[in-house]
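# Fold and geometry: a report
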Amino acid sequence: MVVSMKVFISADIEGVADLVSFAEAGNENPQLYTRGMEQMSREVGAVCRGAIAAGAEIVTVKDAHGGGMNIFHEYLPEQAQLIRGEMRSPYSMIGNIDGSYDAVIFVGYHDAAGQDGNPMAHTISSRRIREITINGVPAGEFHLFSYAAMGLGVPTAMISGDAAICEKAKAVNSRIETVATKEGVAAAVISRHPKAVERELEEAAKRALSGDLNRYRYALPEHFRVTRSIMMPPMRRIISTQDDWMRTRWSFAVMTMRKSCAFSTLCFDPHEFIGRRT
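Computed from a prediction, not measured in an experiment: that's the story for all the values here.

The secondary structure content of the protein chain amounts to four helices and 13 strands. Scored against the burial criterion, the 278 residues of the protein chain give a buried share of 54%. Counting every atom, the protein chain has about 12400 Å² of accessible surface; 51% of that belongs to carbon and sulfur.

Here it is, written out as structure tokens:
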């Protein structure tokens, strides 16, 4: 019996080719933002085509930037289904993923808060979170959601984005396919040509999803020490907190910022939690 391949794609915008400013990633400047959305859509479309070429029969794309209304569906192959809007769940940027998927791919991801690999480097909230670390390592959105997916048994096959986050992904699992779109330098980026990036994305996705996908599995740590530095209004004071958790498996670990941005919460699967907060 032939089992069809299911692939989940989580797409962000700050890591796509050329983009250098939040003005290109939000509605502050409609002209720049539209260009950013188009490039995001093209890069996601390239990855979808590579996934289909590798044999994926089900390709689910989560528009994971902001309110989730950035990707133009018409830029994607007809086989690709698109999740638009906010899932309002701890899985957030990989909302609606489950253990039936064979692999997850992250597109357009960026360096972590407090790091210098991208002028738009942040984790969850560029306005409120100064830094998050997991077991002493600066953590970006890739780390949070790759761990979350792996907790469900879905391995990360590939990531694209700035060179810094690609390097950090290799530190999690050296076998993950990476496509660097640009390099951050101070408040600028040195970007590859978008067409060259799109070609490589399609090729890399096909390569990443060919063969035994078990090569992308990795063991989650038994212990997670999570620190958060949060900038508090109105004086932008920095509040640092630390949580210690012991677990056999980490099903999901995601920062959920409240609208007030006064505090954040770590969300875990209660069925998996076996330790205690200290």
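Quick look at the nonpolar core now. Of all hydrophobic cores here, the largest spans 40 residues; its most connected members are Ile-9, Val-61, Met-158 and Leu-209. Where this core is concerned, the elements lending two or more residues are β1 (5-11), α1 (30-53), β2 (56-63), β3 (80-83), β4 (103-109), β7 (156-162) and α4 (194-208). Here this core takes eight residues from α1, the largest share from any one element. Residues Ile-132, Ile-134, Ala-149 and Met-150 belong to the second largest nonpolar core, which totals 31 residues.

In this section: the packing of α1 against α4. In the contact formed by α1 and α4, the axes pass within 7 Å of each other and the chain directions differ by 30°. On the basis of their axis angle, the class for α1 and α4 is roughly parallel. Both α1 and α4 take part in a crossing whose hand is right-handed. Each of Gln-39, Arg-42, Glu-43, Ala-46, Val-47, Arg-49, Gly-50, Ala-51 and Ala-53 in α1 lies in contact with α4, whose residues at this interface are Pro-194, Val-197, Glu-198, Leu-201, Glu-202, Ala-205 and Lys-206. For the contact of α1 with α4, the residue count by class is eight nonpolar, two polar and six charged.

For the rest of this paragraph, the subject is unusual backbone geometry. Phi is positive for Asn-96, close to 85°, though the residue is something other than glycine. One non-glycine residue with positive phi stands out, namely Asn-135, at about 50°. For Asn-135, the location among the structural elements is in the loop between β5 (129-134) and β6 (137-138). For Asn-135, a relative accessible area of 35% gives the class partly exposed.

Turning our attention to the packing of aromatic side chains. Where two aromatic rings form a pair, the distance of their centres and the angle of their planes describe that pair. According to the stated counting rule, one finds five aromatic pairs in the structure shown. Relative to Tyr-75, the ring of Phe-72 lies with its centre 5.6 Å away and its plane at 35°, an arrangement referred to as tilted. With relative accessibility at 24%, the residue Phe-72 sits in the partly exposed group. Given a relative accessible area of 27%, Tyr-75 falls into the partly exposed group. Seen from their ring centres, Phe-106 and Phe-142 are 5.5 Å apart, and the 85° between their planes marks the pair as edge-to-face.

Reading the values: rules and limits
Residues numbered from 1 in each chain as written. Predicted model: local features only at pLDDT ≥ 70, side-chain atom pairs only at ≥ 80, totals over all residues. Heavy atoms only, no water. Helix = DSSP H or I, 4+ residues; strand = E, 2+ residues; numbered from the N terminus. Buried < 20%, exposed > 50% of the residue type's maximum accessible area, 1.4 Å probe, protein only. Areas by Shrake-Rupley, 256 points an atom, 1.4 Å probe, with all protein chains shown as cover. Core = buried A, V, L, I, M, F, W, Y, C linked by side-chain atoms within 4.5 Å. Axes fitted to C-alpha atoms, helices over the stretch in contact; angles between N-to-C directions. Parallel < 35°, antiparallel > 145°, perpendicular 65-115°, else oblique. Left-handed = near helix turned anticlockwise from the far one by under 90°. Contact = heavy atoms within 4.5 Å. Nonpolar A, V, L, I, M, F, W, Y, C, P; charged D, E, K, R; others polar. Phe/Tyr/Trp six-rings, centres within 6.5 Å; stacked < 30°, edge-to-face > 60°.

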